[in-house]
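Residues per chain are reported as follows:
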Amino acid sequence: MTDGHHERRTLITGATGLLGSVVLAELLRRGHRCDVLVRDANKAAQKLFGLLSAIGPDALVSANGRLSFVEGDLPDRLPLPTRTLVDRVVHAAACTRFELNGDGDPYRTNAMGTAALLRWCDRHAIREFHLISTAYSSGVLAHPAPECVLDVHGPFRNAYEHSKWTSEQHVAAWGRVPGRAWTILRPSIIVGDFATGYASKLNGLHVALRSFSRAAARLGGTRRGIRIEGSPESTLNYVPVDYVARAIAHAVASPWCRGRVFNLVHPSPRSNQWLLDRVQAFHGVRGCRFVSRGEWRDSLPTPAERAFSSAMSQLRPYLDHSCEFPRHNAAMLERDGVGACPTWDDDSIRRVIAAAKGAPSMAIAHQPEDHDTSVAAFFDSFLPSRMGDQPLAGMDALTTRFRFVVDGVVRRVLHGAPVHARGAHLGALGLGRRHARARIRDAAVRVGAGLVRARAARHGHEPLGDHAHQHERGGHRVADPLGRARRAVPAPAARDARAPVRRVVRSPAEPRHAGQDDAARGAVRVPGAHD
């Protein structure tokens, strides 16, 4: 398509993502000439050609002479007009973070990025805009989410849903101006290619499937499986990436699709129990089951359950109840040439599971130098879906160096070889913020308990044994060497249960009186290895 001496092109954002790369391949196969918005053209070219080659040789061949790169970034650094005339935008870029971080994501990339891109379209007389949103953009509704832009919404499960709902509002408002055309395409949870299972990135369900493979390695085929918070009868709606990409490419090229919303969801989603049965069979594991939220909270999870629960953090809100999606427009798109959404069977889901299990481990996000690297700040900002995918998430114990600050005094407790890492590597534990704090606290208690036993043995006292682990779960209070009260179990010496216990705490700088050791004075000294 040409306009004067200018060749008309399609600008694509998010082309290196799981869905964006397959959408780009489909558009190239259909003869579209595409400009890809990237931060660095040299780096993106190498990555994108590798993705197209993995998708299929025909996709790579189709890129010859039809693909170019435009440097820019959302929402602050959009490109200047190029010599080619872009007449439409396919906006696939998105931040899939579910919780708000210090940079303002996902709102900054999704909502503000969409608004900035629409203003950029105004300045350059681009009158066609295609937004890739999500089927869950309206939150939790009491009725099925219709194929239209809703001015109202239900409670959002996360910030990602809210950001996508806001993006849709921006597009709908932009499209009210005469002469402008838009479509909104809402896929549900996207998984790998139906025929091969291939996915260029691990997102959502892929992370959970890979984390289960790590948990299965621990279980070793035993009857005792892991418990998963969710409902076995509910359905999780997931669709193959190749189907979604075909539907998007067809909608971009079809004028009758303008001004419509398409719920690109599976018409017959499988139950959670159906998926769990196939995952267990693939790994040779038995005994895994879904439990209610109350049962999960009332019992202490195993290390395998804890790691898997962290990997499932993004999907957990969607496991409690089924979501229904009308798909009249999507069905029209299928009849117009896209083809029906394929039905999940044992073979196809096994390919997805196998691809998720064998996919390369995702890199930990780089933390800028000026960011707070404390454990709490890191787990607030790090994408939970990436934590459960790391190799350390499959470990029951970690040999590392712990550093704790107690009342301004820095103390280091060495337990094996040190790990020279920034706070980002703590995220590789694959835990949520609450569980990460509990795991680190328990590790400190174990180290502290070892020091107590060593000190007691050196002075000929009876060691505290495993009771040291109970200092956070009740018992009498005892002060640490810096004078802060801590809960601990009674002293190991035999005594009347009703008799009061005298606790004498000596300051680290206080001299020891001759003939008055800890046993004579009844003191229990706990090393300062607590958070």
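Just so you know, the residues in each chain are numbered from 1, in the order the chain's sequence is written. It should be noted that, the model being predicted, local features are given only for residues of pLDDT at least 70 and side-chain atom pairs only at 80 or more, the latter also being counted only at that level, while totals for whole chains, interfaces and linings use all residues. Only hydrogens and water are removed before side-chain values are computed, so all heavy atoms of the structure are retained for them.

S.K.: Please explain the overall build of the protein as it appears in this structure.
M.R.: Broken down by element type, the protein carries 16 helices and 16 strands. Each residue is assigned to one of three classes by its accessible area relative to the maximum for its type, calculated with a 1.4 Å probe on protein chains only: buried under 20%, partly exposed between the two thresholds, exposed over 50%. Taken over 531 residues, the protein has a buried fraction of 50%. Here, Shrake-Rupley sampling with a 1.4 Å probe gives the accessible areas, and only protein chains in the shown set may cover a residue. Taken as a whole, the protein presents about 24800 Å² of accessible surface, with 52% of it coming from carbon and sulfur. Counting from the N terminus, the helices are DSSP H or I runs at least four residues long and the strands are E runs at least two residues long.

S.K.: Help me understand the nonpolar core, please; the structure alone is not making it clear to me.
M.R.: Grouped burial of nonpolar side chains is what soluble globular proteins tend to show. What is meant by a nonpolar core is a set of buried Ala, Val, Leu, Ile, Met, Phe, Trp, Tyr and Cys residues, joined one to another through side-chain atoms within 4.5 Å. Leu 24, Ile 248 and Leu 264 are the most contacted members of the largest nonpolar core, which has 44 residues in total. Residues are treated as being in contact if the distance between any of their heavy atoms lies within 4.5 Å. Those residues within four positions of Leu 24 in sequence are excluded, and the remaining contacts are Ile 12, Ala 15, Cys 34, Val 36, Leu 48, Leu 52 and Leu 67. Counting 40 residues, the second largest nonpolar core, distinct from the first, contains Tyr 136, Phe 308, Met 312 and Ile 353.

S.K.: Would you take a moment to explain unusual backbone geometry for this structure?
M.R.: Glycine aside, a negative phi is what most residues show, and trans is what most peptide bonds show. Put simply, Leu 74 and Pro 75 share a cis peptide bond, and its omega is 0 degrees. Among the secondary structure elements, Pro 75 is positioned in the loop between strand E4 (67-71) and strand E5 (85-91). Here the bond from Asp 105 into Pro 106 is cis, since omega is 10 degrees, no more than 30 degrees from zero. Among the structural elements, Pro 106 can be located in the loop between E5 and helix H4 (107-123). Non-glycine residue Ala 125 carries a positive phi angle of around 55 degrees. Along the chain, the position of Ala 125 falls in the loop between H4 and strand E6 (128-132).

S.K.: Help me understand the pattern of salt bridges in this model?
M.R.: If the charged atoms of two oppositely charged side chains come close together, the side chains can form a pair. Counted as salt bridges are all cases of a side-chain nitrogen of Lys or Arg within 4 Å of a carboxyl oxygen of Asp or Glu. Using the criterion set out here, one finds 19 salt bridges in the structure. Two residues, Arg 88 and Glu 128, come together in a salt bridge whose shortest N-O distance is 3.0 Å. With Arg 88 in strand E5 and Glu 128 in strand E6, this residue pair connects regions lying 40 residues apart in the sequence. Take Arg 88 and Glu 128: they sit in the same class, and that class is buried. The residue Arg 293 makes a salt bridge to Asp 320 at a minimum N-O spacing of 3.1 Å. Of this pair, Arg 293 sits in helix H9 (residues 293-297) while Asp 320 sits in the loop between helix H10 (303-311) and helix H11 (328-338), placing them 27 residues apart in sequence. Arg 293 gets classed as partly exposed once you look at its relative accessible area, which sits at 41%.

S.K.: Before we go on, may I ask you to explain the packing of aromatic side chains in this structure?
M.R.: The relative placement of two aromatic rings is captured by the distance of their centres and the angle of their planes. Between rings of Phe, Tyr and Trp, where Trp is taken as its six-membered ring, a pair exists when centres lie within 6.5 Å; planes separated by under 30 degrees are stacked, by over 60 edge-to-face, and by other angles tilted. Tallied over the entire structure, the rule returns 10 aromatic pairs. Seen in terms of ring centroids, Phe 49 and Phe 69 are 6.2 Å apart; in terms of plane orientation they differ by 80 degrees. Their pairing is edge-to-face. A residue pair is termed long-range when its members are at least 10 positions apart, and Phe 49 in helix H2 (residues 41-55) and Phe 69 in strand E4 qualify at 20 residues. Judged by its relative accessible area of 34%, Phe 49 is partly exposed. Since its relative accessible area comes to 22%, Phe 69 is described here as partly exposed. Taking 5.7 Å as the distance between ring centres and 80 degrees as the angle between the ring planes, the aromatic pair formed by Phe 212 and Phe 308 counts as edge-to-face. One end of the pair, Phe 212, is in helix H6 (residues 205-219); the other, Phe 308, is in helix H10, with 96 residues separating them in the sequence. Site record: aromatic cluster; members linked through ring pairs are Tyr 136, Tyr 318 and Phe 325.

S.K.: What exactly am I supposed to notice about the side chain of Ser 167 here?
M.R.: By secondary structure assignment, the location of Ser 167 is in helix H5 (residues 159-174). Those residues within four positions of Ser 167 in sequence are excluded, and the remaining contacts are Asn 110, Ala 111, Thr 114 and Leu 131.

S.K.: What is the right way to read the environment of Asp 151 from this model?
M.R.: As for its position among the elements, Asp 151 is in the loop between E6 and H5. Exposure remark for Asp 151: the relative accessible area of 60% places this residue in the exposed category. Measuring from C-alpha to C-alpha, the distance between Asp 151 and Glu 168 comes to 9.7 Å, with 17 residues separating the pair along the chain. Once residues lying within four places of it in the same chain are set aside, the contact partners of Asp 151 are Trp 165 and Gln 169.

S.K.: Help me understand H6, please; the structure alone is not making it clear to me.
M.R.: Counting along an α-helix, one turn takes 3.6 residues, and residues three or four places apart therefore face a common direction. Here, expected helix span is obtained from the residue count minus one, scaled by 1.5 Å. The terminal C-alpha atoms of H6, which comprises 15 residues, lie 21 Å apart, in line with the 21 Å expected from a rise of 1.5 Å per residue. With respect to burial, H6 is a largely interior element, 12 of its 15 residues being buried. For H6, the complete set of buried residues consists of Leu 205, His 206, Val 207, Ala 208, Leu 209, Arg 210, Ser 211, Phe 212, Ser 213, Ala 215, Ala 216 and Leu 219.

S.K.: What exactly am I supposed to notice about the confidence of the model for the protein here?
M.R.: Any segment with low pLDDT has predicted coordinates that should not be analysed in fine detail. On a range of 0 to 100, pLDDT expresses the predictor's confidence in each residue. Scored by pLDDT, the protein has a mean of 75; 64% of the residues are at 70 or more. Considering only residues more than four positions removed or in separate chains, one finds that residues 462-495, a stretch of pLDDT under 50, has 74 contacts.

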